[in-house]
Protein chains: 2
Amino acid sequence: MTTYTAPLKDMQFVLNEVLQISKYSNLPGFSEASEDVVEAILEEGAKMASNVLHPINQSGDKEGCTRHEDGSVTTPKGFKEAYEIYKQGGWQGLSFDPDYGGQGLPYILAVAVSEMVSAANMAFGMYPGLARGAADAIHAHGTDEQKQKYLPNMIAGEWGGTMNLTEPHCGTDLGLLKTKAVPQGDGAYKITGSKIFISAGEHDLTEQIIHLVLARIEGAPEGVKGISLFIVPKYHINDDGSLGERNGVMCGSIEEKMGIHANSTCVLNYDDATGYLLGEENKGLRAMFTMMNEARLGVGLQGMAISEVAYQNGAAYAKDRLQGRALTGPEEPEKPADPIIVHPDVRRMLMDHKAFTEGARAWMYWSALYGDLQNVSEDEATRQKADDYMGLMTPVLKSYLTDRGYWHATNAQQVLGGHGYIQEWGMEQFVRDARIAMIYEGANGIQALDLVGRKLPKDGGRAVMTFFAEIDEFVKDHEGDEDMKPYVEGLAAVKADMVEATQWFMANAMQNPNNAGASSMDYLGLTALTCLAYAWAMSAKAALEKKDSSDDFYKNKLMTAKYFVDRVLPERSAHLAKIKSGSEAMMALPAEAF
Amino acid sequence: MTTYTAPLKDMQFVLNEVLQISKYSNLPGFSEASEDVVEAILEEGAKMASNVLHPINQSGDKEGCTRHEDGSVTTPKGFKEAYEIYKQGGWQGLSFDPDYGGQGLPYILAVAVSEMVSAANMAFGMYPGLARGAADAIHAHGTDEQKQKYLPNMIAGEWGGTMNLTEPHCGTDLGLLKTKAVPQGDGAYKITGSKIFISAGEHDLTEQIIHLVLARIEGAPEGVKGISLFIVPKYHINDDGSLGERNGVMCGSIEEKMGIHANSTCVLNYDDATGYLLGEENKGLRAMFTMMNEARLGVGLQGMAISEVAYQNGAAYAKDRLQGRALTGPEEPEKPADPIIVHPDVRRMLMDHKAFTEGARAWMYWSALYGDLQNVSEDEATRQKADDYMGLMTPVLKSYLTDRGYWHATNAQQVLGGHGYIQEWGMEQFVRDARIAMIYEGANGIQALDLVGRKLPKDGGRAVMTFFAEIDEFVKDHEGDEDMKPYVEGLAAVKADMVEATQWFMANAMQNPNNAGASSMDYLGLTALTCLAYAWAMSAKAALEKKDSSDDFYKNKLMTAKYFVDRVLPERSAHLAKIKSGSEAMMALPAEAF
């Protein structure tokens, strides 16, 4: 019942007009990504998303995955065929290292494609998404032999992949993990333990699955310093590369969840499974964490993507459903009632939604561009700045985009009234699917703690200071520009609040770390508003360059930017006031009083 | 897996110490409601809620209702037995007119019991809740004969009841409804049409169901002025009161919904069903709307109730789950990790939740007390004030408590991390169940429009002016009271914002009604914050009277009140700034740009 049309025009506006990626055509990857190539790729991706992936989104949710008695898992009807199309399209290797079969295109382009896949069918997108994450980890930490052995098949989409961190008694606090690894003397290990919440843990889309598993080598130190990362293939791999016997890892059960039913969330039982060390002994967490930024950006992207598809369906309903009359008098007097989009409060939900999604897209792609620059820039200062930004922005994008993505999906559901609550209409699935993104890949509270505890103070606050300086420069550059005034003033105001909050942290978090923890989520919210205000100011600038265009796209972009300033940005003051109230009232109650 | 324990101590604190209901013992109903009687009733209700209703909450969600080929519907396992206990307990008639078998106790007490029922099992509570609503409508608008015919059995819990408003093409805009009623010359009508989203529309809990149905009498005017209300019993009733043949109303299907699976949401098809006019011809909407206040308060109560049970389960997990260490150093060094309640951001979610739920309870019960005074006060000025307050508060309670109830349930789910997403843990059910309350009984946006479009300007703004004067008096009475200072200052500040917003409406809504619509939801939010601030100030005052008590309950109450002022009340400034930005940016985009 739902539909999805990739917002190609907005994507291209961000890539070409706001970020002007053609400026980077001297860099590896970007040199292949001319405007024509980008357009062609996005159009192909859009077709797959709308015609192949979205049509099986609701049916996949309804059917879910099925675990059979032998531990094998079947994905919902149509998933295997859709995966085949995805695989044949070469999508898995889009931005991967050409040495292993990838196409080496910029990461920012992979992010744009990933947005379309997640919007069209989030549960589907997780299968290749997890495989790509595992491939990235092997690429970053594997030996040459390991890379040759695993990556070509993973990048061709022939093999899947997973990340195995969580155990029943430990999620956030991985130092508690118990899965053990016993060295066999031949370089291999026997892995034994139970992992839970393993997304895409078992399925029928690929002939092989490469599990990456955190475990503790016998005799290793307790806590996080004794954790190693292992490659555990579902099937042993023969010397000629063919698949051999089944390894000792089995899906014990599939979790019954609130949403993403079409993705198999597995309990994986490891029973003397043969595994191979990836990276160094006892440095498994570090190896895992180097992959975290990209994985977390990917989850933030899911939040924005679900927000987009929910918006599209909410807006379509609002234009179609006739109910009541405009407050200013009938707009379609010949009909029995006006479409509900005439009602200001319906518009409030849709404009909030639009201002979020478009702003988030610009911010996300801007961050992805830094992800590229971090890797391929020839200038060390640029690489450092990119690295700083990625560190600073990642927890903010992950947390804010998923929190708000869920919230906006809920509002889009609200636009449909009672129909929003009925499964057939598909809106409630968006809400249920979006909900997981606030939890996995580090719950949102952990992101906030990462921001204030690690990313903010790192290198004496260099990242945030660089960011402030960049905004100051932007503001200064546009002083006196009447057209830019509302956007620049809004940006300057929220940045000033963020500076004040940052100073409050410096003054108060050292003396009592609870002050940092207590205000971490509001600081993250204020940071997000600053980033969005910057993204909107950059977007407004690009739109103003076309202000005389006959294409209403640019006028509408400016109106949405203005809405953001008027109706979203005021939340900054609530964040700042909460931050400055400190931790006293929050920490006062004894635990037993809860 | 979830548990529910009625918060009896907090309920009694609100009833006896904050509202001091014993002051009203001269009034009908209250004279029977001594502190002992109230305590005994609440304790019995608490037992039923915890031991009978909550244990079938998760199983009811999982099993759902089943429609059989003959159109009959079976409720989930255990519901019939639980209903029998509810019925035998006499709960249905607690606050109903004794002339028809009710116990005539105050409405406020029925609200307290209803909170427990909804918290324990919202889907269950809807069956008797809808029947009570139908009984109220018959009581208010029926002839003596109708009242004698229907009410005793409905109040004894022997017969169920429903409200039939929505049709496929009309929900909010009832003027569009098509169900028709043809007079038969003998006082009866033949009703034909299709109604959707009928909660408790068909089930096996009672032998009979009394449907109240909005329909248009042949030849009646178009729009809302041609709608009448009819009583349509599921079974014809013989002259001796026994049940006769089946009437022409059948359940065509059960909706597959996001939640409240244990309540049958039906499509009801009326095919020449015999119906009897309730109230006057063509004045059906008015008759229905006189029942709206109570029904809407009931839905607001569901939001608060789900918030309470979600809070309890989130807090229990936070005290039990060991993960990480306190930022200020290990609190339970002998254990492998500290319970997660040591983490400030976990506390933030729980304190937000606690500050909301307890404040909302005081506010809701305070409003319910006015519901009583409206009916039974001997003083006309008091009755008028009560009527004004109920009119003003009802849309605010309905909308804010359900929005926030859902949001807090989502946060309680977040406390459980990955487990929160798994059905077995029960937290995601609270979220799915809570979601409907934002939609039914008038979507929350409609509540906001009712507030600014009808309730605020009514009688020259008398209701809100009375409310402002009451707050001013409270503030004045506590000037110079050092202990009360933070609560009184917070209250005065948010009230000042609300005054400013109200003046903004007076100045701007007349010239452009879109200004009222655009800011309606933020005005509702600001009103809610003012009410909560008042509820917390009253609660703080009551707690301070026991500040030397050895019972920590009062100290904890004051800390939670302080948290509300520090960490919730700052949202007021965002609401005010948004309100004052007007409707321009919201209404600017042409519909096709969405």
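Residues numbered from 1 in each chain as written. Chains lettered and ligands numbered in written order. Predicted model: local features only at pLDDT ≥ 70, side-chain atom pairs only at ≥ 80, totals over all residues. Heavy atoms only, no water.

Residues and elements named next belong to chain A. Close contact between helix H16 (residues 520–544) and helix H18 (residues 571–580) brings their axes to 9 Å; oriented N to C, the two are set at 150°. In terms of orientation, H16 lies roughly antiparallel with respect to H18. The two elements H16 and H18 meet at a crossing, and its hand is left-handed. Together, Asp-522, Tyr-523, Gly-525, Leu-526 and Leu-529 of H16 and Glu-571, Arg-572, His-575, Leu-576, Lys-578 and Ile-579 of H18 make up the contact between the two elements. Here the residues of the contact of H16 with H18 are counted per class, giving 5 nonpolar, 2 polar and 4 charged. (Axes fitted to C-alpha atoms, helices over the stretch in contact; angles between N-to-C directions. Helix = DSSP H or I, 4+ residues; strand = E, 2+ residues; numbered from the N terminus. Parallel < 35°, antiparallel > 145°, perpendicular 65-115°, else oblique. Left-handed = near helix turned anticlockwise from the far one by under 90°. Contact = heavy atoms within 4.5 Å. Nonpolar A, V, L, I, M, F, W, Y, C, P; charged D, E, K, R; others polar.)

All right, on to the UniProt feature "domain: Acetyl-CoA dehydrogenase-like C-terminal" (unreviewed entry) in chain A then. Those places that UniProt annotates as "domain: Acetyl-CoA dehydrogenase-like C-terminal" (unreviewed entry) correspond, in this numbering, to residues 467–590 of chain A. In this annotation, residues 467–590 of chain A is assigned 78% helix and 0% strand; the end-to-end C-alpha distance for the span is 39 Å. (UniProt positions renumbered as here; feature names shortened; annotations may be inferred.)

Our next topic: the environment of Tyr-406 of chain A. Summarising the element assignment, Tyr-406 of chain A is placed in helix H10 (residues 380–415). In this structure, the C-alpha to C-alpha distance between Tyr-406 of chain A and Met-351 of chain A, residues 55 residues apart in sequence, is 16 Å. Beyond its immediate sequence surroundings of up to four residues, Tyr-406 of chain A is in contact with Val-431, Ala-434, Arg-435 and Met-438 of chain A together with Tyr-406, Thr-410 and Val-431 of chain B. A polar contact is formed between the side chain of Tyr-406 of chain A and the side chain of Tyr-406 of chain B, at a distance of 2.8 Å. (Polar contact = N/O pair within 3.5 Å; in protein donor to acceptor, adjacent residues only side chain to side chain.)

In this section: the relation of the copies chain A and chain B. It takes a turn of 180° to lay chain A on chain B, together with a shift of 0.0 Å along the axis; the resulting RMSD is 0.0 Å. What the rotation and shift describe, once combined, is the action of a two-fold rotation axis. Interface residue correspondence from chain A to chain B reaches 100%, placing this contact among same-surface, isologous pairings. (Least-squares fit on C-alpha atoms with pLDDT ≥ 70 in both.)

Further remarks concern the pairing of strand E5 (residues 188–199) of chain B. Residue and element names in this part refer to chain B. E5 sits mainly inside the fold: 9 of its 12 residues count as buried. Where strand E4 (residues 180–183) meets E5, 4 bridges bridge the pair, whose relative direction is antiparallel. Paired with Val-182 across the two strands is Lys-190, which belongs to E5. The loop that links E4 with its antiparallel partner E5 comprises 4 residues; one of these, Gly-185, has a positive phi angle of about 85°. (Buried < 20%, exposed > 50% of the residue type's maximum accessible area, 1.4 Å probe, protein only. Pairing = 2+ DSSP bridges.)

With 94 residues of chain A in contact, the opposing surface of chain B contributes 94 residues. When the two sides are added together, the surface that chain A and chain B hide from each other amounts to roughly 7900 Å², 60% of it contributed by carbon and sulfur. When the buried surface of chain A facing chain B is broken down by residue, Tyr-421, Arg-567 and Phe-594 of chain A rank first, second and third, together holding 12% of it. Between the two partners, chain A and chain B, sit 6 salt bridges. (Buried area = accessible area lost by both parts, 1.4 Å probe. Salt bridge = Lys/Arg side-chain N within 4 Å of Asp/Glu carboxyl O.)

Judged by nonpolar contacts, the single largest core of 395 residues is most densely connected at Trp-363 and Tyr-365 of chain A together with Trp-363 and Tyr-365 of chain B. Broken down by element, the residue count for this core peaks at 20 residues, all from helix H15 (residues 513–544) of chain B. Aside from chain neighbours lying at most four places away, what touches Trp-363 of chain B is Met-393, Val-396, Leu-397, Tyr-400, Leu-401, Ala-528, Cys-531, Leu-532 and Ala-535 of chain B. Core analysis: the next-biggest nonpolar cluster, separate from the first, contains 31 residues, Phe-96, Met-163, Leu-212 and Ala-287 of chain B among them. (Core = buried A, V, L, I, M, F, W, Y, C linked by side-chain atoms within 4.5 Å.)

So, about the pattern of salt bridges. All names here are of chain A. Applying the stated criterion to the full structure yields 77 salt bridges over all chains. Taking the shortest distance from any N to any O, the salt bridge between Arg-361 and Asp-10 comes out at 2.7 Å. Taken together, the residues span a long stretch of sequence, with Arg-361 in helix H9 (residues 344–376) and Asp-10 in helix H1 (residues 8–18) at a distance of 351 residues. Here the salt bridges share partners, and the residues they tie into one network are Asp-10, Glu-115, Glu-308, Lys-354, Glu-358, Arg-361 and Lys-557.

This brings us to the UniProt feature "domain: Acyl-CoA dehydrogenase/oxidase C-terminal" (unreviewed entry) in chain A. Within the UniProt annotation, "domain: Acyl-CoA dehydrogenase/oxidase C-terminal" (unreviewed entry) is assigned to residues 282–451 of chain A. Structurally, residues 282–451 of chain A comprises 74% helix and 0% strand, and the distance from its first C-alpha atom to its last is 25 Å.

Another point: a negative patch on the surface. Residues and elements named next belong to chain A. On the surface, Glu-35, Asp-36, Glu-39 and Glu-43 cluster together into a patch of negative charge. By the element assignment, Glu-43 lies in helix H2 (residues 35–53). Among the residues examined, Glu-43 registers a relative accessible area of 37% and is labelled partly exposed. (Patch = residues over 30% accessible without salt bridge, like charges linked within 9 Å, V, L, I, M, F, W, Y side chains within 5 Å. Areas by Shrake-Rupley, 256 points an atom, 1.4 Å probe, with all protein chains shown as cover. Lys, Arg positive; Asp, Glu negative; His and termini not counted. Charge placed at Lys NZ, Arg CZ, Asp CG, Glu CD.)

Look at any regular strand and the pattern is simple: side chains alternate between the two faces of the sheet. Residue and element names in this part refer to chain B. Taking burial as the measure, the 6 residues of strand E3 (residues 159–164) include 6 buried ones, the bulk of the element. Side chains of E3 alternate between two faces, with Trp-159, Gly-161 and Met-163 and Gly-160, Thr-162 and Asn-164 buried alike. Of the pairings in the sheet, the one linking E3 to strand E6 (residues 208–217) comprises 6 bridges and is parallel in character. Paired with Gly-160 across the two strands is Ile-209, which belongs to E6.

Attention now goes to the side chain of Thr-75 of chain B. Residues and elements named next belong to chain B. Relative to the helices and strands, Thr-75 resides in the loop between strand E2 (73–74) and helix H4 (79–88). Judged by its relative accessible area of 4%, Thr-75 falls in the buried class. A polar contact of 2.7 Å, which involves the side chain of Thr-75, links it to the side chain of Asp-204. With sequence-adjacent residues up to four places away left out, Thr-75 is seen in contact with Glu-63, Cys-65, Lys-80, Tyr-127, His-203, Asp-204 and Leu-205.

Attention now moves to H2 of chain A. Residue and element names in this part refer to chain A. Here H2 contains 19 residues, and its C-alpha end-to-end distance of 25 Å stays within 8% of the 27 Å for a straight helix at 1.5 Å per residue. Among the residues making up H2, those that are buried are Val-38, Ile-41, Leu-42, Gly-45, Ala-46, Met-48, Ala-49, Val-52 and Leu-53. Contacts made by the buried residues of H2 are with H1, helix H3 (57–63), helix H4 (79–88), helix H5 (107–120) and helix H6 (122–141). (Expected span 1.5 Å × (residues − 1).)

All names here are of chain B. Here Leu-301 is to be found in helix H8 (residues 284–320). On a C-alpha basis, the gap between Leu-301 and Arg-132 in space is 15 Å, while along the polypeptide they are 169 residues apart. Each residue touching Leu-301, except ones within four places of it in the same chain, is listed here: Val-111, Ser-114, Glu-115 and Met-364.

What follows deals with helix H13 (residues 462–477) of chain B. Residue and element names in this part refer to chain B. The first and last C-alpha atoms of H13 sit 22 Å apart over 16 residues, in line with the 22 Å expected at 1.5 Å per residue. Buried residues of H13: Ala-463, Val-464, Phe-467, Phe-468, Glu-470, Ile-471, Phe-474 and Val-475, and no others. Here the buried residues of H13 occupy an arc of 160° about the axis, which is enough to place them on one side. Residues of H13 that are exposed and point more than 90 degrees away from the buried face comprise Glu-473, Lys-476 and Asp-477. The secondary structure elements touched by the buried residues of H13 are helix H9 (344–376), helix H10 (380–415), helix H14 (485–508) and H15. (Arc of directions from axis to C-beta.)

Right, let's get into the packing of aromatic side chains. Taken as a whole, this structure holds 44 aromatic pairs over all chains when the rule is applied. Arranged with centres 6.3 Å apart and planes meeting at 50°, the rings of Trp-366 of chain B and Phe-467 of chain B form a pair that is tilted. Of this pair, Trp-366 of chain B sits in helix H9 while Phe-467 of chain B is found in helix H13, placing the two residues 101 residues apart along the sequence. Taken together, the ring pairs in this structure connect Trp-366, Tyr-370, Tyr-389, Phe-467, Phe-474 and Tyr-534 of chain A into an aromatic cluster. The ring centre of Trp-407 of chain B lies 5.0 Å from the NZ or CZ of Arg-404 of chain B, which sits over that ring. (Phe/Tyr/Trp six-rings, centres within 6.5 Å; stacked < 30°, edge-to-face > 60°. Lys NZ or Arg CZ within 6 Å of the ring centre and 35° of its normal.)

Moving on: the packing of helix H1 (residues 8–18) of chain B against helix H16 (residues 552–568) of chain B. All names here are of chain B. Two elements in contact, H1 and H16, have axes separated by 12 Å at closest approach and are oriented at 85°. As far as their axial angle goes, H16 and H1 are roughly perpendicular. The segment H1 lies against H16, with Lys-9, Asp-10, Phe-13 and Glu-17 engaging Phe-553, Tyr-554 and Lys-557. Of the residues belonging to the contact of H1 with H16, the class tally is 3 nonpolar, no polar and 4 charged.

Our next topic: the state of the cysteines. This structure, assessed with the given rule, holds 0 disulfides over all chains. Unpaired in terms of disulfides, Cys-266 of chain B finds its nearest cysteine sulfur in Cys-251 of chain B, a separation of 3.7 Å. (Disulfide = S-S within 2.5 Å.)

Below, the discussion takes up unusual backbone geometry. The bulk of non-glycine residues show a negative phi, and the bulk of peptide bonds are trans. All names here are of chain A. Notably, Ile-260 is not glycine yet its phi reads approximately 35°, a positive angle. Within the secondary structure, Ile-260 sits in the loop between strand E10 (249–254) and strand E11 (265–278). Of note in the backbone geometry, Asp-459 takes a positive phi value of approximately 50° without being a glycine. Take Asp-459: it is sitting in the loop between helix H12 (444–455) and helix H13 (462–477).

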